[in-house]
There are 2 protein chains.
Amino acid sequence: MNWYIQNGKESDVVLSTRVRLSRNLKGIPFKTRCTKEELKKVFDTLKEVTPLLGYNLKFIAMEDIDNLTKQTLVEKHIISPDFAKTKVPYTAIIINDEENICIMVNEEDHIKLQVFTSGLDVDNLLNLAIEIDEKLEKLVDYSYHEKYGYLTACPTNVGTGLKISALVHIPGLEMTGNLNKMLNIVNNLGMNVRGVYGEGSKAEGDIYQIANNQTLGITEKEIAKNLNLISQKIIEQERIARKYLAKNSLKLEDKIYRDYGILVNARRLSEEETIDLLSSVKLGTDLGIIKELTDKKVAELILYTKPANMQKRIGKELSVIEQEISRCEIIKQIVKED
Amino acid sequence: MNWYIQNGKESDVVLSTRVRLSRNLKGIPFKTRCTKEELKKVFDTLKEVTPLLGYNLKFIAMEDIDNLTKQTLVEKHIISPDFAKTKVPYTAIIINDEENICIMVNEEDHIKLQVFTSGLDVDNLLNLAIEIDEKLEKLVDYSYHEKYGYLTACPTNVGTGLKISALVHIPGLEMTGNLNKMLNIVNNLGMNVRGVYGEGSKAEGDIYQIANNQTLGITEKEIAKNLNLISQKIIEQERIARKYLAKNSLKLEDKIYRDYGILVNARRLSEEETIDLLSSVKLGTDLGIIKELTDKKVAELILYTKPANMQKRIGKELSVIEQEISRCEIIKQIVKED
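Residues numbered from 1 in each chain as written. Chains lettered and ligands numbered in written order. Predicted model: local features only at pLDDT ≥ 70, side-chain atom pairs only at ≥ 80, totals over all residues. Heavy atoms only, no water.

Break down the overall build of chain A for me, citing the residues and quoting the values.
Along its length, chain A carries 12 helices and 10 strands. Computed over its C-alpha atoms, the radius of gyration of chain A comes to 21 Å, within 12% of the 20 Å expected for a compact globule of 338 residues. Considered along the principal axes of its C-alpha atoms, chain A spans approximately 65 × 45 × 30 Å. Looking at chain A as a whole, 56% of its 338 residues qualify as buried. Within chain A, contacts between residues at least 6 apart in sequence are counted, and of these 70% link residues at least 24 apart. Element-wise, carbon and sulfur atoms account for 49% of the exposed surface of chain A, whose accessible area totals about 15400 Å². Measuring between centres, the 47 positive side-chain charges of chain A sit 2 Å from its 50 negative side-chain charges. (Helix = DSSP H or I, 4+ residues; strand = E, 2+ residues; numbered from the N terminus. Rg over C-alpha atoms; globule rule 2.2 N^0.38 Å. Buried < 20%, exposed > 50% of the residue type's maximum accessible area, 1.4 Å probe, protein only. Contact = heavy atoms within 4.5 Å. Areas by Shrake-Rupley, 256 points an atom, 1.4 Å probe, with all protein chains shown as cover. Lys, Arg positive; Asp, Glu negative; His and termini not counted. Charge placed at Lys NZ, Arg CZ, Asp CG, Glu CD.)

Help me get a handle on the sheet that holds strand β2 (residues 58-61) of chain B, residues and values and all.
All names here are of chain B. As summarised here, the arrangement of the 8 strands in space is β2-β3-β4-β5-β1-β8-β10-β9, forming an open sheet in which the pairing is antiparallel. In this open sheet, the two strands that pair with only one neighbour each are β2 and β9 (191-194). On average, each strand axis in the sheet is inclined to that of its neighbour by 20°, with strand direction left out of account. Seen against the sheet, helix α4 (residues 122-139) touches β1 (14-23), β4 (101-105), β5 (111-118) and β8 (162-169) and runs at an angle of roughly 150° to β5. Strand contacts of helix α6 (residues 179-188): β9 and β10 (207-212), with the helix running at about 140° to β9, the strand carrying the most contacts. (Pairing = 2+ DSSP bridges. Axes fitted to C-alpha atoms, helices over the stretch in contact; angles between N-to-C directions.)

How would you sum up the interface of chain B and chain A? Please name residues and give values.
Listed per partner, the contact involves 15 residues of chain B and 15 residues of chain A. For the pair chain B and chain A, the interface holds 3 salt bridges. Arg 267 of chain A serves as the salt-bridge partner of Glu 253 of chain B, at 4.0 Å between the closest nitrogen and oxygen. Looking at the side of chain B that touches chain A element by element, the count peaks at 9 residues for helix α8 (residues 249-265) of chain B. (Salt bridge = Lys/Arg side-chain N within 4 Å of Asp/Glu carboxyl O.)

Explain the side chain of Asn 24 of chain A to me, and be specific about the residues and the numbers.
Relative to the helices and strands, Asn 24 of chain A resides in the loop between β1 (14-23) and α1 (36-53). Polar contacts involving the side chain of Asn 24 of chain A include one to the side chain of Asp 109 of chain A, which spans 2.8 Å. (Polar contact = N/O pair within 3.5 Å; in protein donor to acceptor, adjacent residues only side chain to side chain.)

Tell me about unusual backbone geometry, residues and numbers included.
One non-glycine residue, Glu 10 of chain A, lies in the positive phi region at around 55°. Relative to the helices and strands, Glu 10 of chain A resides in the segment before β1. What makes Glu 10 of chain A partly exposed here is its relative accessible area of 26%. With a phi angle near 60°, Tyr 55 of chain B is a residue other than glycine that sits in the positive phi range. Here Tyr 55 of chain B shows up in the loop between α1 (36-53) and β2.

Describe the nonpolar core, and please don't skip the residues or the numbers.
Core analysis: the biggest nonpolar cluster contains 92 residues, and Ile 78, Ile 79 and Ile 93 of chain A together with Ile 78, Ile 79 and Ile 93 of chain B have the highest contact counts within it. Every residue in contact with Ile 78 of chain B, bar those within four places of it in the chain, is listed here: Trp 3, Tyr 4, Leu 73, Ile 95, Glu 99, Cys 102, Gln 114 and Phe 116 of chain B. (Core = buried A, V, L, I, M, F, W, Y, C linked by side-chain atoms within 4.5 Å.)

Kindly report on the relation of the copies chain B and chain A, identifying the contributing residues and their values.
Mapping chain B onto chain A is achieved by rotating through 180° and translating by 0.1 Å along the same axis, at an RMSD of 0.0 Å. Expressed as a symmetry operation, the mapping of one chain copy onto the other fits a two-fold axis. Minimal C-alpha separation from the rotation axis in chain B is found for Gly 261 of chain B, amounting to 2.0 Å. Residue by residue, 100% of the interface of chain B is reproduced at the interface of chain A, so both copies engage with the same surface. (Least-squares fit on C-alpha atoms with pLDDT ≥ 70 in both.)

Outline the packing of aromatic side chains, supporting the account with residue identities and numerical values.
Tallied over the full model, the rule gives 14 aromatic pairs over all chains. Ring geometry for Trp 3 of chain B against Tyr 4 of chain B: centres 5.3 Å apart, planes inclined by 75°, an arrangement best described as edge-to-face. For Trp 3 of chain B, a relative accessible area of 7% corresponds to the buried category. Ring-pair connections join several aromatic residues into one group, and the members of that group are Trp 3, Tyr 4 and Phe 116 of chain A. (Phe/Tyr/Trp six-rings, centres within 6.5 Å; stacked < 30°, edge-to-face > 60°.)

Now, about the pairing of β1 of chain A: what can you tell me, with residues and values included?
All names here are of chain A. Most of β1 is tucked away: 9 of the 10 residues are buried. The pairing of β1 with strand β8 (residues 162-169) spans 7 bridges and is classified as antiparallel. Bridge pairing in β8 links Arg 20 to Lys 163. In terms of strand pairing, β1 meets strand β5 (residues 111-118) through 8 bridges, oriented antiparallel. Across the sheet, Arg 23 pairs through a bridge with Ile 111, a residue of β5.

Outline the sheet that holds β1 of chain A, listing residues and values.
Residue and element names in this part refer to chain A. Here 8 strands make up an open sheet; going across it, the order is β2-β3-β4-β5-β1-β8-β10-β9 and the pairing antiparallel. For this open sheet the edge positions go to β2 (58-61) and β9 (191-194), each flanked by a neighbour on one side alone. Across the sheet, the mean angle separating the axes of adjacent strands is 20° when strand polarity is ignored. Against the sheet, helix α4 (residues 122-139) touches β1, β4 (101-105), β5 and β8, its axis set at about 150° to β5. Sitting on the sheet, helix α7 (residues 220-247) touches β1, β8, β9 and β10 (207-212), and the angle it makes with β8 is about 10°.

Got a sec to walk through helix α12 (residues 320-336) of chain A? Specific residues and values, please.
Residues and elements named next belong to chain A. Taking 1.5 Å per residue, 17 residues should reach 24 Å; α12 reaches 25 Å between its end C-alpha atoms and fits that length. Burial in α12 covers these residues: Gln 323, Glu 324, Ser 326, Arg 327, Cys 328, Ile 330, Ile 331, Ile 334 and Val 335. The inward-facing, buried residues of α12 contact α8 (249-265), α9 (271-286), α10 (295-304) and α11 (307-314). (Expected span 1.5 Å × (residues − 1).)

Help me get a handle on the pairing of β8 of chain B, residues and values and all.
Residues and elements named next belong to chain B. Within β8, 8 of the 8 residues are buried, which leaves the element mostly enclosed by the surrounding structure. On β8, burial covers both faces: Leu 162, Ile 164, Ala 166 and Val 168 on one face and Lys 163, Ser 165, Leu 167 and His 169 on the other are all buried. Looking at chain direction, β8 and β10 are connected through 5 bridges and run antiparallel. The residue of β10 that forms the bridge with His 169 is Ile 207.

Any details on the domain arrangement of chain A? Residues and values, ideally.
Residues and elements named next belong to chain A. Domain boundaries assigned for chain A yield domain 1 (3-240) and domain 2 (249-336). Averaged C-alpha coordinates put domain 1 and domain 2 at centres separated by 27 Å. On the side of domain 2, 19 residues touch domain 1, which itself brings 21 residues to the contact. For the pairing of domain 1 and domain 2, the buried interface totals around 1800 Å² over both sides, and the portion due to carbon and sulfur atoms is 64%. When the buried area of domain 1 at its contact with domain 2 is split by residue, Ile 5, Leu 68 and Glu 75 rank highest and sum to 33% of it. Summed over the shared surface of domain 1 and domain 2, the number is 0 salt bridges. Taken together, the links from domain 1 to domain 2 amount to 8 residue pairs in polar contact (both at pLDDT 80 or more). (Domains from an automatic or database assignment. Buried area = accessible area lost by both parts, 1.4 Å probe.)

Tell me what's going on with the environment of Ile 132 of chain B, and back it up with residues and numbers.
Residues and elements named next belong to chain B. Tracing the sequence through the fold places Ile 132 in helix α4. The class of Ile 132 is buried, set by a relative accessible area of 0%. Taking the C-alpha atoms as reference points, Ile 132 and Pro 155, separated by 23 residues in sequence, lie 23 Å from one another. Look past the residues within four positions of Ile 132 in its chain and what remains in contact with it is Leu 53, Tyr 55, Ile 101, Leu 113 and Val 115.

Structure below.
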């Protein structure tokens, strides 16, 4: 079972964690200043070493992936929205079947090494990323500076080149009016708060991405420790908010079950309305209010109601109205299946 | 099975039909001008003749009926809201177990003879009323005038003393914006349009009461014929409206199923919201859109979500909030039962 429909630690609040390392090859300019030949060199170098890395990783050129499949990867948070749309030649991903490892080639940097897990599991995830990074470092020459560490295209990644992020579902903080206070605290502690698809994207369904800001003058372990600490703080506050809401549980139960009733009975649902309803339904399942759904089903509902994953599942492209109708049918399928 | 949870003819549009005859006893003033002794005389006279009428009718003094039960009768449209609240002494009902016959004693007139059926069935219903009326006329002396016919307390009933009314469910006319046009036509044809509880009451859940205006200078058969004609016209127009709506069926299905989803999943429902949701759900069942419910279940939902019938079913009095919670539980029970 792929990580994005599994349940990890603390998954009542943390949907998933990602560790991303930015690396560049020595002697080749950063991507934006590369010639076509230099981009090809990066592409060829990584294609060549992929079989030596292990983990059943496969090298796939982006031009060999159809647009719909690219979008399914965006919706799973496996590749960036910009990378899915890029017209830059010689782009690729190095990915395994479980899709918990995905290296983007010629995205912002030559190499964006990413590993994923459901729930919150920073330490194991960081160890896995470092393990792959060390293997890769034996096979290619990284651009590295004695004083500044790993050099990256964007200065916000210089140093460790490490970004750790967590997707948190915090409807309780939103409902109790504590959301902005919490997001300010997170910001002040040197973390970024963003929408579900990273920088510049909008928050949907009370889901936010928390990521470290600082990459220079700090060790990998410190970054991991900080992200862990702040995530634990968010989890704690979100759980307090939910407990408070559960005291006036009739109002909450009523709202949650009305949302559930609409979700499983509507004949047309937009993407936006669906994620709002699912936020409510996930809260209900996590609080034990909704007994009709398992955690796995909620994760499936979140994934397969997204446009690309839905169309991929059905096996054909659909107009927006067709999507709104099919979304309702898929919801019913998932809710009913054993 | 009592008439109010059965399905009659044309019951996709007509919920029920009532025939009511107003009669007064000879030599006794109209109720408002009666002394206590005269009221007692009416009461005693009718109590005495009840066993001779047949139909398993029972005479029950209003003071022997608790308030909750009186309200259940109001909600079933068997007695008037005013009669349930009256402090006038010597009031009574003469009623059978099926509750399709109910004579109010010392309501507006000495005798309000009423018969009921689900759906539209004016002719059979009128025959039954006349049959009972003829039996009663052999047992008591009616106040009758050669020229004016039966004399009644309110001049709008003089003559035949006959009122025929039908409760019609016309959400299609409402949704297509044709409601007011239709109600005007009905008015112009000499019929009254009122809310569900008769004169001065509000329309709820797209349900209206249609009744004849004229009682004098017209025969019983003519009144019945007119009411039949107008009801058929309303049925025809409502069905045309529904057919039109069903063409753009996705929007309608979506609305109906969202309402159904809320109805069966909410944890708190007010009386007002429930009747609006049920109006939508009844339309869905009548159109064959909703397959989860039978007509009988819809009729039960309409009856047992009303405050008094709900409390009577549960067997205890409930606060408004308790009613809002219990209403949801009863809805689930009725939806699930075989």
